[in-house]
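Listed here are the chains, written in short residue letters.
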Amino acid sequence: MKRWIALSALAALMVGAHAADPYPSKPITIVVPFAAGGPTDRVARDLAESLRKPLGGATIIIDNSAGAGSSIGSNKVAKAAPDGYTLLLNHIGMATMPSLLRNIPFKVESDFEYLGLINDVPMTLIGKPALAANNYKELATWINANKGKINLGNAGIGSASHLCGLLFQNALQVDMTTVPYKGTAPAMSDLIGGQIDLMCDQTTNTTSQIEGKKVKAFGVTTAKRLSTPALKDLPTLQESGLKGFEVTIWHGLYAPKGTPADVQAKLNAALKAALKDPEFIKKQEGLGAVVVTDKRMEPAEHKKFVAAEIAKWSPVIKAAGVYAD
Ligand code: ASP
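These numbers were taken from a predicted model, which means no experiment stands behind them. (Residues numbered from 1 in each chain as written. Predicted model: local features only at pLDDT ≥ 70, side-chain atom pairs only at ≥ 80, totals over all residues. Heavy atoms only, no water.)

**Re the packing of aromatic side chains**
This is how the line gets drawn: Stacked, tilted and edge-to-face are the three classes applied to pairs of Phe, Tyr and Trp rings, where Trp contributes its six-membered ring and a pair requires centres within 6.5 Å; stacked means planes under 30 degrees apart, edge-to-face means over 60, and tilted covers the rest. The classification of residues rests on relative accessible area computed with a 1.4 Å probe and restricted to protein chains. Under 20% of the type maximum is buried, over 50% is exposed, and intermediate values are partly exposed. Working rule: Lys NZ or Arg CZ, within 6 Å of ring centre, within 35 degrees of ring normal, means a charge sits over the ring.
Within this structure, the stated rule accounts for five aromatic pairs. Measuring from centroid to centroid gives 5.9 Å for F106 and F112, while their planes differ by 85 degrees, and the two rings are edge-to-face. Residue F106 shares its accessibility class with F112, and that shared class is buried. Following the ring pairs from residue to residue traces out a cluster consisting of F106, F112, Y114 and Y254. Seen from the ring of Y85, K26 lies directly overhead, with NZ or CZ sitting 4.7 Å from the centre.

**Some remarks on helix α2 (residues 39-52)**
Selection criterion: Secondary structure follows DSSP: runs of H or I at least 4 residues long count as helices, runs of E at least 2 residues long count as strands, and numbering of each begins at the N terminus. Take the residue count of a helix, subtract one, and multiply by 1.5 Å to get its expected span.
With 14 residues, α2 extends 20 Å from end C-alpha to end C-alpha; this agrees with the ideal 20 Å at 1.5 Å per step. When you tally the buried positions in α2, you get 10 out of 14 residues, the bulk of the element. Of all the positions in α2, only P39, T40, D41, V43, A44, D46, L47, A48, S50 and L51 are classed as buried.

**Things to note about the pattern of salt bridges**
To keep things clear, this is the line we draw: We define a salt bridge as a contact between a side-chain nitrogen of Lys or Arg and a carboxyl oxygen of Asp or Glu at a distance within 4 Å.
Per the stated rule, a full pass over the model turns up 13 salt bridges. A salt bridge links D46 to R42, with the shortest nitrogen-to-oxygen separation between them at 3.8 Å. Note that D46 and R42 are positioned in helix α2 at a spacing of four residues, about one turn of the helix. You can call R42 partly exposed: its relative accessible area is 37%. Here the residues in one salt-bridge network are D120, D294 and R296, joined through shared partners.

**A word on the state of the cysteines**
For clarity, the threshold we go by: Any two cysteine sulfur atoms lying within 2.5 Å of each other are counted as a disulfide.
Tallied over the entire structure, the rule returns one disulfide. Each sulfur of the disulfide joining C164 and C200 lies 2.2 Å from the other. The chirality of the disulfide connecting C164 with C200 is left-handed, given an S-S dihedral of about -50 degrees. Taken together, the residues C164 in helix α6 (residues 160-172) and C200 in strand β7 (residues 198-202) connect sequence positions 36 residues apart. Each member of the pair, C164 as well as C200, is classed as buried.

**What to know about the site of the ligand**
We apply this condition: A single heavy atom is enough: if one lies within 4 Å of a molecule or strand, its residue is considered near that molecule or strand. Counting of polar contacts relies on pairs of N or O atoms within 3.5 Å, with two restrictions inside protein: one atom must be capable of donating a hydrogen and the other of accepting it, and residues adjacent in sequence are counted only when both atoms are side-chain atoms. Computed with the Shrake-Rupley method and a 1.4 Å probe, the accessible areas treat only the protein chains shown as cover for residues. Residues are sorted three ways: Asp, Glu, Lys and Arg are charged, Ala, Val, Leu, Ile, Met, Phe, Trp, Tyr, Cys and Pro are nonpolar, and all the rest, Gly among them, are polar.
Around the ligand, the structure places F34, P39, T40, H91, A155, S159, A160, S161, G183, T184, D201 and Q202. Note that a nitrogen atom of the ligand is positioned 2.9 Å from one of the side-chain N or O atoms of Q202. Protein contact buries 100% of the 270 Å² of open area that the ligand shows by itself. Looking at the shell around the ligand, the elements with two or more residues in it are α2, α6 and β7. Split into classes, the residues belonging to the shell around the ligand amount to four nonpolar, seven polar and one charged.

**As for the environment of N205**
Rule in force here: Here, residues are in contact when the closest pair of their heavy atoms is within 4.5 Å.
Inspection of the secondary structure puts N205 in helix α8 (residues 203-211). For N205 and K149, which are 56 residues apart along the polypeptide, the C-alpha to C-alpha distance reads 26 Å. Among residues more than four places away in sequence, those in contact with N205 are G37, G38, P39, T184, A185 and M188.

**Focus: the pairing of strand β9 (residues 248-256)**
Looking down a regular strand, the side chains alternate between one sheet face and the other. We count it as follows: Two strands pair under a simple rule: DSSP has to find at least two bridges between them.
In terms of burial, β9 is a largely internal element, eight of the nine residues being buried. Where strand β3 (residues 86-90) meets β9, three bridges bridge the pair, whose relative direction is antiparallel. Residue pairing for β9: L89 is matched across the bridge by L253. In the sheet, strand β4 (residues 112-127) pairs with β9 via nine bridges, with the strands oriented antiparallel. Bridge pairing in β9 links Y114 to Y254.

**Considerations on the pairing of β4**
By the criterion of burial, β4 is predominantly enclosed, with 16 of the 16 residues buried. Sheet topology places β4 next to strand β10 (residues 290-291); two bridges connect them, and they run antiparallel. Paired with D120 across the strands is V290, a residue of β10. Strand direction decides the pairing type here: β4 and β7, joined by five bridges, are antiparallel. When the sheet's bridge partners are listed, G127 is paired in β7 with L198. Here β4 runs beside strand β8 (residues 216-220); their pairing, made up of four bridges, is antiparallel. Within β8, the position partnered with I126 by the bridge is A217.

**So, α8**
Note that an α-helix has 3.6 residues per turn; residues three or four places apart therefore point the same way. Within α8, seven of the nine residues are buried, which leaves the element mostly enclosed by the surrounding structure. Residues of α8 that are buried include every one of T203, T204, N205, T206, T207, Q209 and I210, and no others. Taken together, the buried residues of α8 touch α2, β4, α7 (184-193), β7, β8 and α10 (278-286). Of the residues flanking the end of α8, it is K213, one or two places downstream, whose phi is positive at about 60 degrees.

Take a look at the structure:
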């Protein structure tokens, strides 16, 4: 009996030693809740490269679990083992999903550990290359002449492009046919091919397409023009007469609720190191994104910021009267 106890104690000790392996000791998966090749995917892949070193050379796998405006991938992480090996990288959808998609199977505020904010990204209003308009004024004329026939792509109900498109239709008081995709990567292919007419999308996806003249650009959603060389001549939508039109997308990193505090601390430290990596900053700036340098890189501030964004957008979405159940 005694011998049995001694052996099981030894076994427990060995298991204990294994459980205490320094984190990370196996590949980390970052779930991107939108299609591969799109703006959220782009941020995640760039970030993963800069996270690798501060995480001791860890392998980081990107898992594109796309669909339903990011709620499928977010739910996957909310329900994953809280061990630091499954993380979520999502955007403003974390704040707009609870209002735009009322029946999500998880709670944004209580089912995740907040690991820090990554960047702020402007959006652009873009159109198919064959669209008979070359600036916002001509676009407004085209929209008036084509009411009832306009297709507007987005990344699903609850996504950033959905929110931006909604605000745009509201500002113009024109209804367009919304075409949802699993992300704006597939939507972009259809826009370039002329299957859809218009789309709002992050500059992390549109900059090279605008530069390469594959799509037409009609405005940027920030209050001021951007300094990115490829976008600096693009007027703001406010300048073009859409009073108060302002949407900036942000991305954050999350872990399932209950992830050990020391693992969260390691991930936050690695994130902060990645946000200071000149390579990451350069790549993001070239795409019109601004890497976070303020206190929102702290988990508590990240959480406060998301709560403030939920409070900011929920009345706007309610007033727009658009929900999906
Ligand atoms: N641009 C998408 C959105 O509108 C996200 C994505 O496709 O990565 O939310």
